[in-house]
Amino acid sequence: MLSDTSYSRGLFAEFLARMYLRFHGYHIISSRYITGKHTNRAEIDIIAKYAKTMVFVEVKQRKSIECAWDAITHKQITRLRRAAETYISRTGWHGDARFDVIIICGWRIKHIKNAI
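Fair warning: this is a prediction, and the values are worked out from it, not measured in the lab. (Residues numbered from 1 in each chain as written. Predicted model: local features only at pLDDT ≥ 70, side-chain atom pairs only at ≥ 80, totals over all residues. Heavy atoms only, no water.)

(A) Molecular detail of a nonpolar patch on the surface. Where nonpolar side chains cluster on the molecular surface, the patch consists of Phe 12, Phe 15, Met 19 and Trp 107 and spans about 460 Å² of accessible area. Here Met 19 is to be found in helix α1 (residues 6-23). (Patch = residues over 30% accessible without salt bridge, like charges linked within 9 Å, V, L, I, M, F, W, Y side chains within 5 Å. Areas by Shrake-Rupley, 256 points an atom, 1.4 Å probe, with all protein chains shown as cover. Salt bridge = Lys/Arg side-chain N within 4 Å of Asp/Glu carboxyl O. Helix = DSSP H or I, 4+ residues; strand = E, 2+ residues; numbered from the N terminus.)

Shown next as structure tokens:
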């Protein structure tokens, strides 16, 4: 069992987000996707496919929705976009793509589509 650290809570939030997405018809492609060391790009928490759309998901676990939104900075958004561009380039994806955010507040899950 993981200790109660922010890292372990984040891992559990990502697990809940994956279960939520699967329950809602998403196919999980990758979790914790990293483009490579020293690329100045971010880790993408979840990459999923829904119908004909590739969905890049940022998961935030906070005490409130407002705190979760505040944790998503402009710098992080830029890095996430670059990481997604790298993923799309490496896989040759030619379909639609979007960024979603899933916020976990306790057992409450808020899924915001086309969030960033």
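Next comes the rest of the write-up.
(B) Representation of the side chain of Arg 18 in the model. Inspection of the secondary structure assignment puts Arg 18 in helix α1. Despite its burial, Arg 18 pairs with no opposite charge, the nearest such side chain being Glu 14 at 4.5 Å. With residues near it in sequence (within four places) discarded, Arg 18 still touches Ile 28, Ser 31 and Ile 46. (Buried < 20%, exposed > 50% of the residue type's maximum accessible area, 1.4 Å probe, protein only. Lys, Arg positive; Asp, Glu negative; His and termini not counted. Contact = heavy atoms within 4.5 Å.)

(C) Spotlight on the sheet that holds strand β2 (residues 43-50). The five strands lie next to each other as β1-β2-β3-β4-β5, forming an open sheet whose pairing is mixed. The outermost strands of the open sheet, each flanked by one partner alone, are β1 (27-34) and β5 (108-112). Averaged over all neighbouring strand pairs, the angle between strand axes comes to 25°, with direction disregarded. Here six bridges tie β1 to β2, and the two strands are oriented antiparallel to one another. Bridge pairing in β2 links Tyr 33 to Ile 44. Packing of α1 onto the sheet brings it into contact with β1, β2, β3 (53-61), β4 (96-105) and β5, and relative to β1 it is tilted by some 155°. Contacts between helix α3 (residues 74-91) and the sheet are confined to β1, β2, β3 and β4, with β3 contributing the most and set at about 145° to the helix. (Pairing = 2+ DSSP bridges. Axes fitted to C-alpha atoms, helices over the stretch in contact; angles between N-to-C directions.)

(D) Focus on the pairing of β4. Among the 10 residues that make up β4, eight are buried, leaving the element largely enclosed by the rest of the structure. Note that β4 and β5 share five bridges and pair antiparallel. Its bridge partner lying in β5, Ile 103 is registered against Lys 110. Here β4 folds back onto β5, and the loop between the two strands holds two residues, one of which, Gly 106, carries a positive phi near 65°.

(E) Representation of the environment of Arg 82 in the model. The residue Arg 82 is located in helix α3 in this model. For the pair Arg 82 and Asp 4, spaced 78 residues apart in the sequence, the C-alpha separation amounts to 31 Å.

(F) Broad picture of α3. Under the 1.5 Å per step criterion, the end-to-end length of α3 is 26 Å for 18 residues, consistent within 8% with the ideal 26 Å. Every buried residue belonging to α3 is among Gln 76, Ile 77, Leu 80, Ala 83, Ala 84, Thr 86 and Tyr 87, and all of these are buried. Directly after α3, the chain includes Gly 92, whose backbone phi takes a positive value near 75°. (Expected span 1.5 Å × (residues − 1).)

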